[in-house]
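# Structural overview
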Amino acid sequence: MHVLGLDIGGTGIKGALVETGTGVLITERFRLRTPEKAEPGPVMETIRKVVEHFAWNGSVGCGFPAVIKHGVAYTAANISDRWIGFDVRQALVDATGCPATVINDADAAGIAEMRFGAGMGEAGTVLVLTLGTGIGTALFVRGQLVPNMELGHIEVNGREAEPWTADIARKRERLSWKKWGRRLNIYLQALERLVSPDLIIIGGGASREHEKFFPCLDLETRVVPAAMLNEAGIIGAALAATGL
Ligand code: BGC
């Protein structure tokens, strides 16, 4: 089955057609910049342009950077507050005329990694992280997703983890990989105490450079880089639209 996967991020809105049986992209990715302030109107308009680019009228699966329940956004950490209570799924249907499914973006990336990537065949508790503008977390127990975990917002040493540990903090504060890696280690140790995972998968933009910061990690848990890099969000969103 072919589904148009969409990944709504803090900096880019990306899409591609996905063959859901294999998790393979059957088109190039198409990306537009996320509009400044990420307000619902301009973001929906940008999504419409991405869908239009593919001249698509089949199913659309969308990963969105917020808690999503039944298509509605409940939080807005790196996007406009105006998304809170917004029916993203209905707006997608209205903007594109396509049947649509919306889930949290990290949950989408996690679904793809579990099915086709670094979590394939893992039966225990797996924690997938996406380190980018925000910190996304997806938790799988025996292959089953526990949606909307939002562990990027836990408090570690008296402060919220996300603004201190996200990849954007490394860039903003011009931290060396080593210095940022030590921060990440403190955060991952806190997650380890919280959910006792069997495996941690690190995804998002920073995972491409994992060799630079993995040596800073001192954990009981096995840690591996994501296998699908920045395609995981698109692929997992498409899989979600098939009911997986
Ligand atoms: C949001 C999450 C999202 C993550 C990655 C966080 O700020 O609260 O919902 O998954 O960023 O985009």
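Located above this text is the structure these notes cover.
This report concerns the structure included in the present document. Every chain's residues receive numbers from 1 upward, in the order its sequence appears when written. Side-chain atom pairs in this predicted model are given and counted only at pLDDT of 80 or more, local residue features only at pLDDT of at least 70, and totals for whole chains, interfaces and linings cover all residues. Note: side-chain values were computed over all heavy atoms of the structure, leaving out hydrogens and water.

## Some details on the packing of aromatic side chains
We call Phe, Tyr and Trp rings a pair once their centres come within 6.5 Å, taking the six-membered ring for Trp, and we label the pair stacked below 30 degrees between planes, edge-to-face above 60, and tilted otherwise. Applying the stated criterion across every chain, the model contains 7 aromatic pairs. Note on W83 and F86: the rings are 5.0 Å apart at their centroids and 70° apart in plane angle, and the pair reads as edge-to-face. Accessibility here uses a 1.4 Å probe with only protein chains present; expressed as a share of the type maximum, an area under 20% marks a residue as buried, one over 50% as exposed, and anything in between as partly exposed. Take W83: its relative accessible area is 0%, and that puts it in the buried class. Here the aromatic rings of W180 and F213 are separated by 4.9 Å at their centres, their planes lie at 80°, and the arrangement is edge-to-face. Of this pair, W180 sits in helix α6 (residues 177–195) while F213 sits in helix α7 (residues 210–213), and the two are 33 residues apart along the sequence. The pair W180 / F213 is uniform in exposure class, with both members buried. Every member of this aromatic cluster is reached through a ring pair, and the members are W177, W180, F213 and F214. Think of it as a cone above the ring: NZ of Lys or CZ of Arg counts as a charge over the ring if it is within 6 Å of the ring centre and within 35 degrees of the ring normal. In this arrangement the basic side chain of K69 is found over the ring face of Y74, its NZ or CZ atom lying 5.8 Å from the centre. Here R170 stacks its cationic end above the ring of W177, 3.8 Å away from the centre of that ring. Note on conventions: DSSP H or I runs of at least 4 residues are helices, E runs of at least 2 residues are strands, and numbering of each starts at the N terminus.

## Quick word on the environment of T96
With respect to the helices and strands, T96 occurs in helix α2 (residues 88–96). When the C-alpha positions of T96 and R172 are compared, they lie 36 Å apart, and in sequence the two are 76 residues distant.

## What about the site of the ligand?
Surveying the vicinity of the ligand reveals 13 residues, the closest of which are N104, D105, E150, H153 and E162. Note that an oxygen atom of the ligand is positioned 2.5 Å from one of the side-chain N or O atoms of D105. Accessible surface is estimated by sampling points in the Shrake-Rupley manner with a 1.4 Å probe; for residues, cover comes only from the protein chains shown. Against a free-state accessible area of 310 Å², the protein chains account for coverage of 93% of the ligand. Residues are said to line a cavity or pocket when one of their atoms sits within 4 Å of a point; the points come from a 1 Å grid over protein atoms alone, cavities being sets where a 1.4 Å probe fits but cannot get out and pockets being open sets with protein on both sides within 12 Å along at least five of seven lines. The way we define it, a molecule is inside a pocket or cavity when more than half of its atoms are within 2 Å of that pocket's grid points. Taken atom by atom, the bulk of the ligand overlaps the largest pocket. For this classification, the nonpolar set comprises Ala, Val, Leu, Ile, Met, Phe, Trp, Tyr, Cys and Pro, the charged set comprises Asp, Glu, Lys and Arg, and every other residue, Gly included, is treated as polar. A class-by-class count of the residues in the shell around the ligand yields 5 nonpolar, 5 polar and 3 charged. Residue ranges assigned to the domains are those given by an automatic or database domain assignment. Split by domain, the residues of the shell around the ligand number at least three in each of domain 1 (2–107 + 231–241) and domain 2 (121–226). Whether a residue is near a molecule or strand depends on its heavy atoms: it is near if one of them lies within 4 Å of it. Pairs of N or O atoms are called polar contacts if they sit within 3.5 Å, as long as, within protein, a hydrogen donor faces a hydrogen acceptor (for residues adjacent in sequence, only side-chain-to-side-chain pairs).

## Considerations on the pattern of salt bridges
Salt bridges are counted wherever a side-chain nitrogen of Lys or Arg sits within 4 Å of a carboxyl oxygen of Asp or Glu. For the structure shown, the criterion picks out 9 salt bridges. In this structure, K14 engages D7 in a salt bridge whose closest nitrogen and oxygen atoms are separated by 3.6 Å. Here K14 and D7 have matching classes, each one buried. Overlapping salt bridges bring together E45, R48 and E52 as one network.

## Regarding the pairing of strand β2 (residues 12–19)
Extensive coverage of β2 is indicated by the burial of 7 of its 8 residues. Think of it this way: DSSP has to see at least two bridges between two strands before they count as a pair. Relative to β2, strand β1 (residues 2–8) is paired through 7 bridges, and the arrangement is antiparallel. Its bridge partner lying in β2, L6 is registered against G15. Linking β1 to β2, which pair antiparallel, is a turn of 3 residues. Strand direction decides the pairing type here: β2 and strand β4 (residues 30–33), joined by 4 bridges, are antiparallel. The partner of K14 across the bridge, within β4, is R31. Bridge analysis of β2 against strand β3 (residues 24–25) gives 2 bridges, and the strand direction is antiparallel. Bridging from a neighbouring strand, V18 pairs with L25 of β3. Between the end of β2 and the start of β3, which pair antiparallel, lie 4 residues, with G23 showing a positive phi angle near 75°.

Read these as geometric descriptors, not functional statements.
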